[in-house]
Amino acid sequence: MSIDQVLGNASAELHVDLAAIINNYETLKSQSDSATCAAVVKADAYGLGANKVAPALYHNTDCDTFFVAGLVEGVTLRNILPDAKIYVFNGLFADQVDTYLDHNITPILNDPSQVALWYGKKAPCGVHFDTGINRLGFTESQTEEFLNTPNDLNIDLVMSHFIQSEIARHPSNEMQLDKFERVRYQLPNAKGSLCNSGGVFLGRDYHFDLLRPGIMLYGGNPGLPVRPNGIKQAFELRAKILQIREIEPGMAVGYNSLWTAAEKSRIALLNVGYADGTLKTSDRKAKVWVGGHMADVIGKVSMDMIAIDITDDKFNHVTVTDYAEILGPNITLEMVAENSTLGHYELMTGIGPRYKKYYKV
Ligand SMILES: *Cc1c(COP(=O)(O)O)cnc(C)c1O
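The structure contained in this document is the topic of the report that follows.

## A closer look at the site of the ligand
As a matter of local geometry, the ligand sits amid 14 residues, with K42, Y46, S197, G214 and Y345 nearest to it. A distance of 3.4 Å separates a nitrogen atom of the ligand from a polar side-chain atom of H161. With respect to the ligand, the side chain of R212 contributes an N or O atom lying 3.0 Å from a nitrogen atom.

Structure representation (structure tokens):
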């Protein structure tokens, strides 16, 4: 029996709506009249499966450019999409030069030592200029020196990255735009790229030639006050009920006895836990959707399980092997984020490998 057949019996399911991702892409692209739109599919497309998400975008939209974090992700994607343009954010290291070249993957150079490693190569590269986040990319003084020294690079992308583009009125956005424009002006032949998901909604001054959204392709929100029209949560997580038990008043459930039954209660155990991205339930705000109603999650996550309270009569028809919605149309990312203090990035990239994945186009 192949592992895929075994996974058919998995106790938790991830359902991905590829059509919704395609629609989200079109919505993001339509925000700009000048730029084309790439897709950031790092971290396995934010937990949803880059091997399915990237081809869906490549074959059903005009998206032909993908960004990943590391070279391993880049090579994996190259094997799936032989003709796509693939950039790697993390940069170039001495032991990786041949791998980049052999797989036609484009490194984004983040400092002068990486420029030296790409010396004499005719293959294109991107260059990342830091405009304030103090993370990857050329520092201000390195940028000055780079722009004033001739180089033989075949640069096809100049990029920078926002500190907090999801906060539209934050003055750092304009400050970064200003710095980026000055760099861009001196490297006019390369495409310019500044906008992550939040940046896309800052307006056309920010768009340049290539948008780089990630989380909003999947329907997550980087922190805008409201999810923009046309951006839909493109996935759903479901977990199976492993066992149901009746417990007496005064009995406690789970590690550290954080929840005690006030009355005769009916408890269901669901098969999701830490490794599936369910990180926090002990604050008693978490909910799941089961049998057509909201149910409270009770007690602490038990490594691979959570418990829910299905005492109320409205849950009478709920039985073992039923599935509960953990995240989806009824339990939205917004709700879980608010109740858990985890952001959409953490909730999505934490999804983990144990779900049986289903894709709908
Ligand atoms: C992750 C990332 C993106 C995409 O960011 P989202 O907020 O998910 O849209 C864009 N650019 C860089 C450099 C990134 O690291």
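Having seen it, we continue.
## Considering the packing of aromatic side chains
Each pair of aromatic rings is reported with the distance of its centres and the angle of its planes. On inspection of all chains with the given rule, the structure shows 10 aromatic pairs. Ring geometry for F67 against F89: centres 5.1 Å apart, planes inclined by 15 degrees, an arrangement best described as stacked. Taken as a pair, F67 in strand 4 (residues 65-68) and F89 in the loop between strand 5 (85-88) and helix 6 (97-102) lie far apart in primary sequence, 22 residues in all. Residue classification places F89 among the buried positions, given a relative accessible area of 13%. Each member of the aromatic cluster is reached from another via a ring pair, and the members are Y46, Y218 and Y345. The ring of Y358 carries K356 above its face, with NZ or CZ at 5.7 Å from the centroid.

## Notes on the state of the cysteines
Inspection of every chain in the model, using the stated rule, returns 0 disulfides. Lacking any disulfide linkage, C37 is separated from the closest cysteine sulfur, that of C63, by 6.5 Å. Given a relative accessible area of 5%, C37 falls into the buried group. This cysteine, C195, is not joined by any disulfide, and C37 carries the nearest cysteine sulfur, 9.9 Å off. On the accessibility criterion, C195 (0% relative accessible area) is buried.

Scoring rules and cut-offs
- Residues numbered from 1 in each chain as written.
- Predicted model: local features only at pLDDT ≥ 70, side-chain atom pairs only at ≥ 80, totals over all residues.
- Heavy atoms only, no water.
- Near = heavy atom within 4 Å.
- Polar contact = N/O pair within 3.5 Å; in protein donor to acceptor, adjacent residues only side chain to side chain.
- Phe/Tyr/Trp six-rings, centres within 6.5 Å; stacked < 30°, edge-to-face > 60°.
- Helix = DSSP H or I, 4+ residues; strand = E, 2+ residues; numbered from the N terminus.
- Buried < 20%, exposed > 50% of the residue type's maximum accessible area, 1.4 Å probe, protein only.
- Lys NZ or Arg CZ within 6 Å of the ring centre and 35° of its normal.
- Disulfide = S-S within 2.5 Å.

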